[in-house]
Amino acid sequence: MADAIAVLNAGSSSLKFSLFGIVGGALELTARGQAEGLYTSPRFVARDRDGKILDAKDWGDGVKLGHEGALYYLFSHADLGDQRLIGVGHRVVHGGLMFDRSVRIDASVLAALEKYVPLAPLHQPHNLASIRALLISAPQLPQVACFDTAFHRDQPEVEQAFALPRAITEKGVRRYGFHGLSYEYITQVLSVCDRRAAQGKTVIMHLGNGASMCAVANGRSVASTMGFTAVDGLPMGTRCGALDSGVLLYLMDELGMDARAIEDTLYRQSGLLGVSGISSDMRVLEASTEPGAKAAIDLFIHRIGRELGGLAAALGGLDAMVFTAGIGENSAMLRERVCRAAGWLGVELDLEANHAGGPRISTAESRVAVWVIPTNEELMIAQHTRAVLAGDQVTMAMAADVNPGLQ
Ligand code: ADP
């Protein structure tokens, strides 16, 4: 029976999971799926790596399964094949100042992570709920926390600081950066497919429903567009991105909005959805002829171009750019427009390669190499989990696990 590592990503009403078997020393995806509607109408589905359904269950309307019930079903009942679970890796959005790497979880680590709930109230409580449930129901099962913030912990102090009074900064109000597991994975893949870029100055663009960009120098994060929260930086599917903080005062004082109403506006009603008035989904906007759809796409691309200039300045140059996540991996139109806007930095796009989806989409003469690399945060979490359980660090040598198709 092969050893396996489960990777969990808990949202407010969902639990996504992946199962990686350890085959000949390498991690291989064997199953993935999710439980959704955990507090309203729970349903579960698990598929194998080819998409074939392995297990599915629907609890019906009005059932409150919760994260605990979903975990119990996943680990005690779901038919996921014959494997021995040796550990669970959790995606945890916030590791604060304390955690600059993945860590084995015990009661004291959980208590430390609970202190960061106020820094990420929309995500952290759900991440911790699954950890807590497993600590109680399966205390012998090793659990590892992998953080979206850890990859950015070494950023220079000037990058992390807000120009706020010291007493506020000391409460932890600083720039943390997110999507770190995705950036770390891409950095690993680059070390396999483009050594010069991996050792040089790269901007990685993680463009999905959540969107951010990260400046990486010699494999280390030096700046990112997300800051104290995951609402900063680029406009996203439904999040506004960077906003003059005076707007918040206006919303409170002139429009009488309270904190919850503002949160709803900034996180759920803005971005591509808010500007277009149509959808948060880039596919819908690309297919639309409505002026709102064009306005939303134009704004998104304009802001990517501006951030690119800022990140190239933070790096002091640019050797490579990488597109990743749902939009970055799939929208040839967006990549073409972003690359055109980045011509001044020495970017020359190979149109044919771009339409083919890459992986390399810049011309041979381009001063800046441009890549399309599918992200894989789950594999990154599985790698960290295996390394922590073995008492190791994740190293570039583990790039052997990453997408060999790109070599
Ligand atoms: P999440 O942040 O939820 O993980 P994803 O990385 O899955 O998001 O990205 C979702 C986004 O990717 C959506 O805006 C979706 O429209 C976009 N997307 C997916 N496929 C395509 C495509 N073929 N063309 C353009 N956009 C796409």
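One can find the structure itself at the top, above this paragraph.
Residues numbered from 1 in each chain as written. Predicted model: local features only at pLDDT ≥ 70, side-chain atom pairs only at ≥ 80, totals over all residues. Heavy atoms only, no water.

Enquirer: Just give me the short version of the nonpolar core, but keep the residues and values in it.
Expert: Note that soluble globular proteins tend to have their nonpolar side chains buried in a common cluster. Among the nonpolar cores identified, the biggest contains 60 residues, and Met205, Leu207, Phe300, Ile304, Met321, Phe323 and Leu334 are the most heavily contacted of them. At 10 residues, helix H12 (residues 291-315) tops the list of elements feeding residues into this core. If near-sequence neighbours (up to four positions away) are discounted, Phe323 is found in contact with Met205, Leu207, Gly328, Leu334, Arg335, Val338, Cys339, Ile361, Val370, Trp371, Val372 and Ile373. Membership of the second largest hydrophobic core comes to 29 residues, among which are Val144, Cys193, Cys214 and Ala320. (Core = buried A, V, L, I, M, F, W, Y, C linked by side-chain atoms within 4.5 Å. Buried < 20%, exposed > 50% of the residue type's maximum accessible area, 1.4 Å probe, protein only. Helix = DSSP H or I, 4+ residues; strand = E, 2+ residues; numbered from the N terminus. Contact = heavy atoms within 4.5 Å.)

Enquirer: Could you give an account of the site of the ligand, naming the residues involved and the relevant values?
Expert: Within the structure, the ligand sits among 13 residues, and Asn209, Gly210, Asp281, Met282 and Gly326 are positioned closest to it. Asp281 places a polar side-chain atom, nitrogen or oxygen, 2.3 Å from an oxygen atom of the ligand. One of the backbone nitrogen or oxygen atoms of Met282 is found 3.0 Å away from an oxygen atom of the ligand. Compared with its free state, where it exposes 580 Å², the ligand has 68% of that area covered by protein. Broken down by secondary-structure element, the contributors of at least two residues to the shell around the ligand are helix H11 (282-287) and helix H13 (325-330). The element that contributes the greatest number of residues to the shell around the ligand is H13, accounting for 4 residues. Considered class by class, the residues forming the shell around the ligand number 3 nonpolar, 7 polar and 3 charged. (Near = heavy atom within 4 Å. Polar contact = N/O pair within 3.5 Å; in protein donor to acceptor, adjacent residues only side chain to side chain. Areas by Shrake-Rupley, 256 points an atom, 1.4 Å probe, with all protein chains shown as cover. Nonpolar A, V, L, I, M, F, W, Y, C, P; charged D, E, K, R; others polar.)

Enquirer: Mind laying out the side chain of Glu263, listing which residues take part and the relevant values?
Expert: Looking at the element boundaries, Glu263 is found in helix H9 (residues 259-268). A residue is classified by how much of its surface remains accessible, and Glu263, at 16% relative accessible area, is buried. A polar contact is formed between the side chain of Glu263 and the side chain of Arg260, at a distance of 2.9 Å. Contact partners of Glu263, with chain neighbours within four places excluded, come to Leu122 and Arg268.

Enquirer: Talk me through the sheet that holds strand E2 (residues 15-23); I want residue IDs and the actual numbers.
Expert: Pairing between the strands of a sheet comes from backbone hydrogen bonds, and it takes one of two forms, parallel or antiparallel. With mixed pairing, 8 strands are arranged side by side in an open sheet as E5-E4-E3-E2-E1-E6-E8-E7. Unpaired on one side and paired on the other, strand E5 (53-58) and strand E7 (103-104) mark the two borders of the sheet. (Pairing = 2+ DSSP bridges.)

Enquirer: Report on the state of the cysteines, specifying residues and quantitative values.
Expert: Scanning the model with the defined rule gives 0 disulfides in all. With no disulfide of its own, Cys146 has Cys214 as its nearest cysteine by sulfur position, at a separation of 18 Å. Taking relative accessible area as the criterion, Cys146 reaches 0% and is therefore assigned buried. Note on Cys193: no disulfide assigned, nearest cysteine sulfur contributed by Cys339 at a separation of 15 Å. On the accessibility criterion, Cys193 (16% relative accessible area) is buried. (Disulfide = S-S within 2.5 Å.)

Enquirer: Lay out the packing of helix H6 (residues 180-193) against helix H16 (residues 377-390) with the relevant residues and their values.
Expert: In contact at an axis separation of 8 Å, H6 and H16 are set at 85 degrees when each is read in the N-to-C sense. With respect to H16, the axis of H6 lies roughly perpendicular. Contacts from Leu181, Ser182, Glu184, Tyr185 and Gln188 of H6 reach H16 at Glu377, Leu379, Met380, Ile381, Gln383 and His384. Of the residues contributing to the contact of H6 with H16, the split by class is 5 nonpolar, 4 polar and 2 charged. (Axes fitted to C-alpha atoms, helices over the stretch in contact; angles between N-to-C directions. Parallel < 35°, antiparallel > 145°, perpendicular 65-115°, else oblique.)

Enquirer: Give a description of H16 that names residues and reports values.
Expert: Taking 1.5 Å per residue as the helical rise, H16 with its 14 residues ought to reach 20 Å, and the 20 Å between its terminal C-alpha atoms agrees with that figure. Judged by how many residues are buried, H16 sits mostly within the fold: 10 of 14 residues are covered. The complete set of buried residues in H16 reads Glu377, Leu379, Met380, Ile381, Ala382, Gln383, His384, Thr385, Arg386 and Ala387. Within two residues after H16, Gly391 carries a phi angle of roughly 75 degrees, on the positive side. (Expected span 1.5 Å × (residues − 1).)

Enquirer: Account for the pairing of E5, naming residues and giving values.
Expert: Two elements, strand E4 (residues 43-48) and E5, share 5 bridges in a ladder whose sense is antiparallel. Within E5, the position partnered with Phe44 by the bridge is Lys57.

Enquirer: Let's hear about the pattern of salt bridges: which residues, and what values?
Expert: All chains considered together, the criterion is met by 19 salt bridges. For Arg268, the salt bridge identified is with Glu263, shortest N-O distance 3.0 Å. Asp298 is the salt-bridge partner of Arg337, the closest N and O atoms lying 2.8 Å from each other. A residue pair is termed long-range when its members are at least 10 positions apart, and Arg337 in helix H14 (residues 332-341) and Asp298 in helix H12 qualify at 39 residues. The exposure class of Arg337 is partly exposed, given its relative accessible area of 29%. Judged by relative accessible area, Asp298 falls into the partly exposed class, the value being 24%. (Salt bridge = Lys/Arg side-chain N within 4 Å of Asp/Glu carboxyl O.)

Enquirer: Break down the sheet that holds strand E9 (residues 201-207) for me, with residues and values.
Expert: The sheet built from 5 strands is open, its strands ordered E11-E10-E9-E12-E13 with mixed pairing. Single-partner strands in this sheet number two, and they are strand E11 (220-224) and strand E13 (369-372). Averaged over neighbouring strand pairs, the angle between their axes works out to 25 degrees when direction is ignored. Pairing geometry for strand E10 (residues 211-217) and E11, over 4 bridges, is antiparallel. Residue pairing in the sheet places Cys214 in a bridge with Ser224 of E11. Sheet contacts for H6: E9, E10, strand E12 (320-324) and E13; angle to E9, the most-contacted strand, approximately 130 degrees.

What is shown is where atoms sit, not what they do.
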